[in-house]
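This is what each chain is made of:
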Amino acid sequence: MIGDNKRRKDAHDKMDGSLRYTADVDYPGLWHAATVRAPLAHGRLRGIRQGGNIDWSKLIFATAADIPGTKNVRMIAQDMPFLADDLVRYKGEPVAVVAAPTRAEAQMACRAVEVEMEPLEAILTLDEIVAKHQRGDPDLEVLSQWSFGHGDVEAALESADIVVEGAYTTPHQEQAYLETNAMTAIPEDDGGVCVEGSLQCPYYVAPAVAAMLDVGLDKLHVRALPMGGAFGGKEDFPSVLGGHVALLAQKAGRPVRIVLDRSEDIAYSTKRHPAWMHIRTGAAKDGTLIAADIDIVFDGGAYATMSPVVLSRGAIHAPGPYRWPVVQVRAVAYRTHTPPNGAFRGFGVPQTAYAIESHMDRLAQVCEVEPHTFRLNNRLRIGDRTGTSQVLKDSVASEEVLKHTMEVTDFARKWRKWGIKGTDKHDLGAPARGVGLSFFWHGAGFTGAGEARIAARVALDLVQGGRVRIRVSSTEMGQGAHTVLPQIVANALGVPHSQVSVDPVDTRFVPDSGPTVASRTTMIVGGELEGCALDARAWLLQSTADKLQRAPETLSVVEGRLRGGKEDLGSFATHLQAALGDNELKTFERQHALAPHLQWDEASHTGDAYATYTWGCCVAEVLIHRDTYEVEVPRLTMVVDVGRIINPKLAKGQVEGGTLQALGYALCEEVGVGEDGALLRDSFQTYILPTTLDAPEIEVHMLEKPYTRGPGGAKGLGEMPMNGAAPALANAVEHALGVRVTDLPLSPEKIFAACSAARAGRSS
Amino acid sequence: MKTFTAPERLDEALTLLGEASPPTVLAGGTDLWPQWTATKTKPTHVLSLHRLEELRGITRAGDILRLGACVTHSELTRSPLVQAACPALAAAAATVGATQIQNRGTLGGNLANGSPAADLPPPLFTANAEVELHSRRGARRVPITRLYRGYRDLERERDELLVAVHIPALPSGALERFWKVGTRRAQAISKVVGACRLALDEKGTISHAALAFGSVGPVTMALDELASWLVGKEPTPEVGEKAAQLASDAVQPMDDIRSTADYRRHVVGRIVKAWIVELATLNR
Ligand SMILES: Cc1cc2nc3c(=O)[nH]c(=O)nc-3n(C[C@H](O)[C@H](O)[C@H](O)COP(=O)(O)OP(=O)(O)OC[C@H]3O[C@@H](n4cnc5c(N)ncnc54)[C@H](O)[C@@H]3O)c2cc1C
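Residues numbered from 1 in each chain as written. Chains lettered and ligands numbered in written order. Predicted model: local features only at pLDDT ≥ 70, side-chain atom pairs only at ≥ 80, totals over all residues.

### Notes on the domain arrangement of chain B
Residues and elements named next belong to chain B. Heads up, the condition is: Domain start and end points were adopted from an automatic or database domain assignment. With C-beta atoms placed from the backbone, a contact is any residue pair whose C-beta atoms sit within 7 Å. In this description a helix means any DSSP run of H or I spanning at least four residues, a strand means any run of E spanning at least two, and both kinds are numbered starting from the N terminus. Amino acids are sorted into nonpolar (Ala, Val, Leu, Ile, Met, Phe, Trp, Tyr, Cys and Pro), charged (Asp, Glu, Lys and Arg) and polar (every other residue, Gly among them).
What the domain assignment lists for chain B is domain 1 (3-46 + 55-168) and domain 2 (177-283). Distance from the C-alpha centre of domain 1 to the C-alpha centre of domain 2: 25 Å. The partner domain 2 presents 23 residues to the 21 residues of domain 1 that form the contact. Elements with a minimum of two residues in the side of domain 1 that touches domain 2: α5 (87-94), α8 (121-126) and β8 (148-150). Of all the elements, α8 adds the most residues to the side of domain 1 that touches domain 2, at 5 residues. When the residues that make up the side of domain 1 that touches domain 2 are grouped by side-chain class, the tally is 14 nonpolar, 6 polar and 1 charged.

### Here's the deal with the domain arrangement of chain A
As assigned here, chain A comprises domain 1 (21-120 + 180-260), domain 2 (369-447 + 607-763) and domain 3 (456-591). Of note, the centres of domain 1 of chain A and domain 2 of chain A, computed from C-alpha atoms alone, are 39 Å apart.

### Considering the interface of chain A and chain B
Buried accessible area, meaning the area lost when the parts come together, often serves as the stated size of an interface. Opposite the 17 residues of chain A that make contact, chain B presents 16 residues. In terms of residue count, helix α19 (residues 748-763) of chain A provides more of the side of chain A that touches chain B than any other element does, 3 residues in total.

### Topic: the sheet that holds strand β14 (residues 221-222) of chain B
All names here are of chain B. Threshold: At least two bridges found by DSSP between two strands is the condition for calling them paired.
Reading across from one edge, β11-β12-β13-β14 is the order of the 4 strands in this open sheet, with antiparallel pairing throughout. Two strands in the sheet have a free side with no partner beyond their single neighbour: β11 (175-182) and β14. Here β11 runs beside strand β12 (residues 190-200); their pairing, made up of 8 bridges, is antiparallel. Among the inter-strand pairings, V181 is bridged to a residue of β12, identified as V192.

### With respect to unusual backbone geometry
All names here are of chain A. Convention followed: Residues are called buried when their C-beta atom has 20 or more other C-beta atoms within 10 Å, exposed when it has 12 or fewer, and partly exposed otherwise; all C-beta atoms are positioned from the backbone.
Cis rather than trans, the peptide bond between L744 and P745 has omega equal to -10°. Residue position: P745 is located in the loop between α18 (725-737) and α19. At D214, a residue that is not glycine, the phi angle is positive and equals roughly 60°. In this structure, D214 sits in the loop between α5 (202-213) and β11 (220-224). Given 11 C-beta atoms within 10 Å, D214 falls into the exposed group. The backbone of Y629 sits at a positive phi, close to 60°, despite the residue not being glycine. When you line up the elements, Y629 lands in the loop between β27 (612-624) and β28 (631-641).

### Concerning the site of the ligand
Residue and element names in this part refer to chain B. Spelled out, the test is: Any residue whose backbone-placed C-beta atom lies within 6 Å of a molecule or strand is treated as near that molecule or strand.
Around the ligand sit 31 residues, and of these A27, G28, G97, G105 and G109 come closest. Elements with a minimum of two residues in the shell around the ligand: β2 (24-26), α2 (32-39), α6 (99-104), α7 (107-113) and β10 (161-168). At 5 residues, the largest contribution of residues to the shell around the ligand is made by α7. Across the shell around the ligand, the residue classes tally to 15 nonpolar, 13 polar and 3 charged. Shared between two domains, the shell around the ligand takes at least three residues from each, and those domains are domain 1 (3-46 + 55-168) and domain 2 (177-283).

### A look at the environment of A186(B)
Counting through the fold element by element, A186(B) comes out in the loop between β11 and β12. Judged by C-beta crowding, with 16 C-beta atoms within 10 Å, A186(B) ranks as partly exposed. Put simply, A186(B) and V96(B) are 90 residues apart on the chain and 7.8 Å apart in space, counted from C-alpha to C-alpha. Those residues in contact with A186(B) that lie beyond four places of it in its chain are T691(A), L693(A) and A98(B).

Structure below.
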């Protein structure tokens, strides 16, 4: 069962179109909501006037003044209002919401609202905050900061033979799920409210909306509906929309839904944080690493929201999977007057992985060591200390992934042959060819004590008739969680996959297994479910053994049948019926606790940042047109260690999808901020995602270095594939042309500019 | 949308267009619909061209190819007549959007929409095509090179319908090329788009030259001065390099959401150079 390509449980309904997403669900009397947005990036609200040729008595209109309870959205930091009250901090910030019988009427009414503002000076871009950061400008508002490390960096750099310094920047990235953000609030007969929609984390939405409505959690429940993708974009943002529709539904006494259109979704929902990373490193002549000093600035956007944790994860991974005798990391997220940046697959790591892996190639070059050898020599090993002073104890696959990558890609030979300095003869009519390598890691599960704080709870019901039902708050967003979790349970219990299902995710019925984020669902939630399934199996065998007067160790469950050695004792359902007696079902519950040996100090960011890490390598091959600098990527190879593969096809899908998303990040995706603070590319015409024709052949190799506490040894997988492609592509472009572009995306325009600058430099 | 009319006869359509507030002309709708979505507006009266036979079909009479305004990109791509008489146009149509857009989008819509980044005008410029405009007042032909007066400003009266495009066929032995640099490999609007028609005489000197580029100015630009400069010269690498320089200087690109002016100038030059180099190979 573990290791089988079980078909996705949602595949059929997605293929024939019968699956209903949030916008497809009908309610009698449903109204539609739209948002009135602030016209300026920064300033004080002076008036909200309901103007126009609109009969406002026939609509529902709400501002911050209508909020009965907490005015700010409950998240990591509770600093963002549901609706701006006094201060507006980004262009397009919601200041009021409207509900009307149709979406068009709601939108028309919103356009008729005049919002008056007294402008204040706005800070809009990463460039601005980096310039101020370097000057030590006190104007900057810190949203979050962390610093950690060990050793005296200045002394170590002083002693190093070679010091290399560099700065790298990355842009916003849009999650670009197919289904835009959508939420519905439905008043219920008992006076409560149901909030449902496209959301990753029902137990984030429930307390946030309940606090806003000033009702108890018994009066508010949240349902996660089938989702057309999320990638972190539906981690914190649904709490905002959920608040808006709940407020309107309560005022209207009827169901209210909001569905963002694509340009609204791109322009105002959360993005990946733009980042600037300044790295100073020292090495000995032979290429042995001596010290790293890393300074990180994230553009947090208008509110802190998730920035503290995104920044933390980014910073922890910033030194890369390398042994640094001395390392110091300082990371800060500043406020800009642009929409808040938040969660996106990789959670801060794609930025810092791009920086450190670009930098490692440069350092290797100066040390005159080949890039793969440089990484192999300096990789983290068991017993090594990470930047947070975590000593790695097990499941370190750094050597395996690097060596396997060399084998399957023939990297060393290609690297020596191709590239501007390669041994191949260069035909100037043919595209410039290069190959690049990146090596990366990803902490699985929440950072530090996060999993202890969440203390994930899961439940498993064995039901009369033999059905096995999983109850968790972990959602299916297209990643396959509701197929893989049953696989883990079916495997442990000994029943067919078809017999196990995941209950609809509704906070009224499912325990809080934590948010569906951080590559934690299979590893943490799956791990606890495996425990429940083993408990359930033991209970059933014990009860059967008692009835048959045998020793329970002599019994087993295989493919839904009880066995005593070779003897078939009847179906699982029959024995379950006997064991349940008059009860309809029996529930098994578990709660996650951190392994006792894990120690973490949040304030100083020292200790065991993650229970375990996954390891990966990416090799990118590029062909660059010598006239237009268009980058073609014939092949990307990913070698990843995931502990244990539960479902190879789904796992491969995760790696391929994440790699393509990373390719877009590397080569073409860019939102951009206009002079007025609006995000510029707010449609799929202008925000350039790779199409199938831009997609390379993605070769995936998976290794299994088991993690003792994961189900069957599994570790997290969802995010890691996002870390590798950007630096591998940057390194490949450098290899091909001899110029390094240090800010993503690696557009033909930037490569051209870098080549022109290099030519000008050579001729002067 | 309040009224939707789809006449079968051209004169009916022209009558409607002659009214005081004429309807919006709809062909494939691939430009119009996104515009309606973006502006959250819909016209009150739409005149659909899909039943008008006169606006369909690809025919050739002698050296002239006639294309109905409602010929789709897919039809342009697949037509052996187009491939022979104006291969650059067939190539251009094959780069428009992707399959769905090519099946719906039309030649007439591409020209009438007036985008400086449209892909079909450059090959029509270099082929010296004419567009046939009809109104209640009569019919006239306008050289495509005079169709665009300024940014999205067309030499087309409100009551006129674009009915057909007439293209002088590529003479045998001549070279015609199309080159598009888009934002990605499909569903891409051009950063630079260009076409050329070039011919050599028996001595190996350039006897005919026409070059045009889109997305590098407010309208599609014919590089006429460069073309005159090229005629009479041999397509040597040096001539190619000089031509590249002249082309880069002639275009008027901007920095915008898709690309930069510097990059566009550079790419225009490299494309011209590549064409001249290829032309030289015709000699051998
Ligand atoms: C996803 C996508 C990708 C695209 N990619 C490309 C691309 O790569 N390259 C490119 O050049 N374009 C592209 N386009 C734009 C568009 O598809 C083409 O310009 C297409 O040829 C327009 O034709 P249509 O028939 O759909 O025009 P419509 O949308 O029907 O009309 C466009 C305009 O022309 C007018 N019009 C149409 N026919 C006539 C006529 N016979 N007489 C007078 N006026 C007329 C209409 O009133 C309207 O103003 C793309 C569009 C989309 C949505």
